[in-house]
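Fold and geometry: a report
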Amino acid sequence: MNIILLGPPGAGKGTQSAGLVERHGMRQLSTGDMLRAAVKAGTPVGLKAKAVMERGELVSDEIVSALIDDELASMGPETGAIFDGYPRTAAQADALDAILAKNGRALDHVIELEVNEDALVERITGRFSCGNCGALYHDTANPPSEPGKCDACGSSDFRRRPDDNEETVRTRMAEYRAKTAPILPGYEARGIVSRVDGMGAIDAVANAIDGILAS
Ligand code: AP5
Ligand code: MG
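All values derive from a computational prediction rather than experimental measurement.

Counting its secondary structure elements, the chain contains nine helices and eight strands. The 215 residues of the chain split such that 44% are buried. For the chain, the proportion of contacts with a sequence separation of at least 24, taken over those separated by at least 6, is 70%. Total accessible area on the chain stands at roughly 10,400 Å², and carbon and sulfur atoms take up 52% of it.

This brings us to the environment of Ala-38. Inspection of the secondary structure puts Ala-38 in helix H2 (residues 31–41). Under the relative-accessibility criterion, Ala-38 is labelled buried at 9%. With eleven residues separating them along the chain, Ala-38 and Ala-49 place their C-alpha atoms 8.4 Å apart. Apart from residues lying up to four places away in sequence, Ala-38 is in contact with Thr-43, Val-45 and Gly-46.

Another aspect to go through is the pairing of strand E5 (residues 127–130). With three bridges joining them, E5 and strand E6 (residues 136–138) adopt antiparallel strand pairing. Among the inter-strand pairings, Arg-127 is bridged to a residue of E6, identified as His-138. Hairpin connection of E5 to E6: five residues between the antiparallel strands, including Gly-134 at a positive phi of 90°. As judged from the two bridges shared by E5 and strand E7 (residues 158–159), these two strands associate in the antiparallel manner. Note on E7: the bridge partner recorded for Cys-130 is Phe-158.

Calculation rules
Residues numbered from 1 in each chain as written. Chains lettered and ligands numbered in written order. Predicted model: local features only at pLDDT ≥ 70, side-chain atom pairs only at ≥ 80, totals over all residues. Heavy atoms only, no water. Helix = DSSP H or I, 4+ residues; strand = E, 2+ residues; numbered from the N terminus. Buried < 20%, exposed > 50% of the residue type's maximum accessible area, 1.4 Å probe, protein only. Contact = heavy atoms within 4.5 Å. Areas by Shrake-Rupley, 256 points an atom, 1.4 Å probe, with all protein chains shown as cover. Pairing = 2+ DSSP bridges.

Shown next, in the form of structure tokens:
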């Protein structure tokens, strides 16, 4: 199974990917996470991407498609792929088709998380994650069950993303509307798009996604 989770910043792509990994043993391929790891490690890709990400703009198509190409090549054919935050432009959508074909894979579902943009700013400015294992939390919607301690690994090293401020979020949303939303009609023409109400509770969204995967 190969699926794309599509939706603006804060729609819940990362949160739902983590659930799919746990429930179905799929692999999450998040270009945002890969780029943040590259920034942290100070690699040439990270050095190029850092300022672009802090402005909320898109990193070049060549860089992100190369990251996906490498990651998919390292996966066994039996492992399902969740594309989180990729593709984000028409050129990336074309590149993904070529990468999948090269690996003998095909897209099964493109799942669009439908959300209300105004609520997303609150979601994003309340987000934090575990610096040790990456588990995602929200100040009010999804706090750790024991305050100050990660549910998944017990660490108390929590982080906030440098691009999670209101100004940058607005730029990220504008980028989504201008460059990413236009790739949907191409997938619709192939009959593989499903829509989920991303404003529901995390479990309700997860159930809706599982319903699509089982269909
Ligand atoms: P990326 O890391 O992909 O960020 P994004 O698309 O802006 O999406 P987010 O990670 O902010 O949101 P999400 O949908 O994963 O939501 P989450 O589950 O965390 O990209 C960052 C940057 O990298 C880009 O701006 C760009 O510069 C670069 N980049 C990455 N990929 C690229 C590409 N392909 N091409 C070019 N550049 C690229 O949820 C958000 C919060 O809400 C969390 O706190 C969570 O706990 C909470 N929450 C989630 N679901 C719910 C719910 N149902 N109810 C209540 N709260 C919820
Ligand atoms: Mg994410």
